[in-house]
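Listed below, chain by chain, are the residues.
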Amino acid sequence: MTTTRRAFAVLATAGLALSVLGAGSASAATKGKIYIYNTCGSAVSTTIHRTDGSMIAGTGAAPAGSYFGYPVYPGAYQVRVPAGNRNVRVLDLGGKAHSVVVKAC
């Protein structure tokens, strides 16, 4: 397991974690990321939706042990994973880039 995957595994064990990554000046273009970590024993479907229900990202078969990140603007989103739907909020932390990590199973 690589150091990066190990770090995501630690974050994912909390089920849903908010981390601060890097710094920069806040602007309308500031984006965070939603990461989905597949802790299931097989490939699974994972998707990210806006609050109006429209899908903005996803995969039909994320391999076991994989993770993917999708850049998003601050706001509320719903992440649909085998463990159930997770409502997440990507916050504007005043100049900090940030991420949300969701464990798939």
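Quick caveat: nothing in here was measured; it's all calculated off a predicted structure.

Notes on the overall build of the protein
Helix and strand content of the protein: 1 helix and 8 strands. With 105 residues in all, the protein has 35% of them scored as buried. Taking as baseline every contact in the protein between residues at least 6 positions apart, the subset at least 24 positions apart corresponds to 63%. Accessible area of the protein: about 5,500 Å², with a carbon and sulfur share of 55%.

Observations concerning the packing of aromatic side chains
In the structure shown here, the tally under the stated rule is 1 aromatic pair. The lysine or arginine in question, Lys31, covers the ring of Tyr73, its NZ or CZ lying 4.6 Å from the ring centre.

Focus on the sheet that holds strand S7 (residues 84–90)
Judged by pairing direction, the sheet is antiparallel, and its 4 strands sit side by side in the order S4-S3-S6-S7 without closing on themselves. Taken across any chain shown, the strands that pair with only one partner, and hence form the sheet edges, are strand S4 (55–62) and S7. On average, each strand axis in the sheet is inclined to that of its neighbour by 15°, with strand direction left out of account.

Describing the side chain of His49
Among the secondary structure elements, His49 is positioned in strand S3 (residues 44–50). On the basis of relative accessible area, His49 is assigned to the buried category, the value being 6%. Among the polar contacts made by the side chain of His49, one reaches the side chain of Thr47 at a distance of 2.8 Å.

Looking at the environment of Ile34
The residue Ile34 is located in strand S2 (residues 32–37) in this model. Since its relative accessible area comes to 0%, Ile34 is described here as buried. Taking the C-alpha atoms as reference, Ile34 lies 5.4 Å from Gly69; in sequence the two are 35 residues apart. Leaving out residues up to four positions away in the same chain, Ile34 has contacts with Ile48, Phe68, Gly69, Tyr70, Val72, Tyr77, Val79, Val88, Val90 and Val100.

With respect to the pairing of strand S8 (residues 98–103)
Successive side chains on a regular strand alternate, one facing one side of the sheet and the next facing the other. Of all 6 residues making up S8, 5 are buried, and the element is well covered by its neighbours. One ladder, built from 5 bridges, connects S2 with S8; its direction is parallel. Paired with Tyr37 across the strands is Lys103, a residue of S8.

Brief notes about the nonpolar core
Counting 16 residues, the largest nonpolar core has Ile34, Ile48, Tyr77, Val79 and Val88 as its most contacted members. For this core, the elements supplying multiple residues, two or more each, are S2, S3, S4, strand S6 (75–81), S7 and S8. Ranked by the residues each element gives to this core, the list is headed by S6, at 3 residues.

What counts, and at which threshold
Residues numbered from 1 in each chain as written. Predicted model: local features only at pLDDT ≥ 70, side-chain atom pairs only at ≥ 80, totals over all residues. Heavy atoms only, no water. Helix = DSSP H or I, 4+ residues; strand = E, 2+ residues; numbered from the N terminus. Buried < 20%, exposed > 50% of the residue type's maximum accessible area, 1.4 Å probe, protein only. Contact = heavy atoms within 4.5 Å. Areas by Shrake-Rupley, 256 points an atom, 1.4 Å probe, with all protein chains shown as cover. Phe/Tyr/Trp six-rings, centres within 6.5 Å; stacked < 30°, edge-to-face > 60°. Lys NZ or Arg CZ within 6 Å of the ring centre and 35° of its normal. Pairing = 2+ DSSP bridges. Axes fitted to C-alpha atoms, helices over the stretch in contact; angles between N-to-C directions. Polar contact = N/O pair within 3.5 Å; in protein donor to acceptor, adjacent residues only side chain to side chain. Core = buried A, V, L, I, M, F, W, Y, C linked by side-chain atoms within 4.5 Å.

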